[in-house]
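Topology and contacts: notes
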Amino acid sequence: MDAEIAALLQKVKDAGRTPFWQSTPQQARSGATLMDLLFGPAPEVARVEDFSIPSSNGHALPVRLYVPSPDPKGLIVYFHGGGWVIGTVASYHPFTAALAQRTGCAVLSVDYRLAPEHPFPLPLDDARAAIAWAATQADARIAAPVRALIAMGDSAGGNLASVASRLHNETKPARRVALQVLAYPVADCDFDTKSFHEFAEGYLLTRRDMMWFWDQYQPDAAKRRDPLASPLHTPDLSASPAALIVTAGLDPLRDEGEAYGERLRQAGVPTDVVRVDGLVHGFLAMVNYAPSAGRALERMQAAIQVTVSHPT
């Protein structure tokens, strides 16, 4: 474990923060996020634009587009983490601006609807709408051709990115999602994996927190194994885009993310699964704070660079 991670865990323990599972959604959203506390200021990006795109039930879906240059290398559609309950495009602004700057890709950051006010499948509806828009409308908005389309997300956002990109590719669209980049994704609703028990308490995200997040997203536990909610249970994953899944060694979600990567491989999807030992859930907020988190992001950037250099 990086010394910085150990120090962070001690600070969190000393602060006595009310855990998510003992909070209301409004209380959970009111506190400072790891991104606020650790990432640092957003870099300048040549163009940043807020607008909305149509989603289900007449919803105008807010998005933020980052265009780092007149001829970006590709387009990353980004879905933030937060257990489908917390997180916003604004709170992720430093990270998504940095992602555009570091990869040379345009980034579309998606403010999908949040549970429990908007439970499953509404956040997924928004994710599907964002990817469909990116595949058909982004060229005109960016004023440059999208040479490669990438779906990316962390935690619950990784869940949405993966499911939405598979559903999109299953329609055999003119522009497919070429790569999915998932950081510590939610892939299942099983709280009895080895990692859920081993890291149940004391590593930022707790087992009871994750149970609470699922209670908000899909209150009916009998329906959580729906493949659109728990992609590990998808019968056929073969339409999924190539994948990079990066898990944290000290994360309750570690085992389900790695199991999902194995399922993708079994379906014939080119998949790399990278476990970063010593890191905890939420490490994308820590890339400017902990060296191993920075290296994990570099691994993601490298996969993106390979894809945009050889678009399909």
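In the block above lies the structure referred to throughout.
Below: a short report on this structure. (Residues numbered from 1 in each chain as written. Predicted model: local features only at pLDDT ≥ 70, side-chain atom pairs only at ≥ 80, totals over all residues. Heavy atoms only, no water.)

Digging into the overall build of the protein
Definition in use: Only DSSP runs of H or I covering at least 4 residues are called helices, and only runs of E covering at least 2 are called strands; the numbering of each starts at the N terminus. It is over C-alpha atoms that the radius of gyration is taken, and the globule rule equals 2.2 Å times the number of residues to the power 0.38. Only protein chains enter the accessibility calculation, which uses a 1.4 Å probe. A residue is then buried if its area is under 20% of the maximum for its type, exposed if over 50%, and partly exposed in between. The contact criterion used is simple: two residues touch if any of their non-hydrogen atoms lie within 4.5 Å. For the accessible areas, the method is Shrake-Rupley and the probe is 1.4 Å, while residue cover comes only from the protein chains on display.
Looking only at helices and strands, the protein has 11 helices and 8 strands in total. Radius of gyration (C-alpha) of the protein: 18 Å, near the 20 Å computed for a compact globule of 312 residues. Seen through its principal axes, the protein has C-alpha atoms that stretch 50 × 40 × 35 Å. The proportion of buried residues among the 312 residues of the protein is 58%. Sequence-distant contacts, at least 24 apart, represent 78% of the contacts inside the protein between residues at least 6 apart. As presented, the protein carries roughly 12,200 Å² of accessible surface, and 53% of it is formed by carbon and sulfur atoms.

Re the pairing of strand 2 (residues 60–67)
To be explicit about the condition: Paired strands are those between which DSSP finds at least two bridges.
Across the 8 residues that make up strand 2, a large majority, 6, are buried. In this structure, strand 1 (residues 47–54) lies alongside strand 2, joined through 8 bridges in antiparallel fashion. Bridge pairing in strand 2 links proline 54 to alanine 60. Between the end of strand 1 and the start of strand 2, which pair antiparallel, lie 5 residues, with asparagine 57 showing a positive phi angle near 60°. In the sheet, strand 2 pairs with strand 4 (residues 106–110) via 4 bridges, with the strands oriented antiparallel. Looking at the pairing, valine 63 lines up with valine 110 of strand 4.

Points about the packing of helix 4 (residues 93–103) against helix 11 (residues 291–309)
Just so we agree on the cut-off: All axes here are fitted lines through C-alpha atoms, helices being fitted over the stretch that makes contact, and every angle between N-to-C directions spans 0 to 180 degrees. An angle below 35 degrees is read as roughly parallel, one above 145 as roughly antiparallel, one from 65 to 115 as roughly perpendicular, and any other as oblique. Note on convention: the crossing is left-handed when the near helix lies turned anticlockwise from the far helix by less than a right angle, right-handed when the turn is clockwise. Three residue categories are used. Nonpolar comprises Ala, Val, Leu, Ile, Met, Phe, Trp, Tyr, Cys and Pro, charged comprises Asp, Glu, Lys and Arg, and polar comprises the others, including Gly.
In contact at an axis separation of 10 Å, helix 4 and helix 11 are set at 50° when each is read in the N-to-C sense. Judged on the interaxial angle alone, helix 11 and helix 4 are oblique. Crossing handedness for the pair helix 4 and helix 11: right-handed. Contacts between helix 4 and helix 11 involve Phe95, Arg102 and Thr103 on the former and, on the latter, Leu297, Gln301, Ile304 and Gln305. A breakdown of the residues in the contact of helix 4 with helix 11 according to their chemical character gives 3 nonpolar, 3 polar and 1 charged.

Section: the side chain of aspartate 255
Mapping aspartate 255 onto the fold places it in helix 10 (residues 254–266). Residue class for aspartate 255 comes out buried when judged on its relative accessible area of 18%. When sequence neighbours within four positions are dropped, the list of residues in contact with aspartate 255 reads Thr193, Lys194 and Ser195.

Digging into the sheet that holds strand 5 (residues 149–154)
Neighbouring strands of a sheet are bound in pairs by backbone hydrogen bonds; such pairs are parallel or else antiparallel. Sheet architecture is open: 8 strands sit in the order 1-2-4-3-5-6-7-8, paired in mixed fashion. What marks the edges here is a single partner per strand, and that holds for strand 1 and strand 8 (271–276). Pairwise comparison of adjacent strand axes, ignoring direction, gives a mean angle of 20° for this sheet. With 5 bridges joining them, strand 3 (residues 75–79) and strand 5 adopt parallel strand pairing. Paired with leucine 75 across the two strands is leucine 149, which belongs to strand 5.

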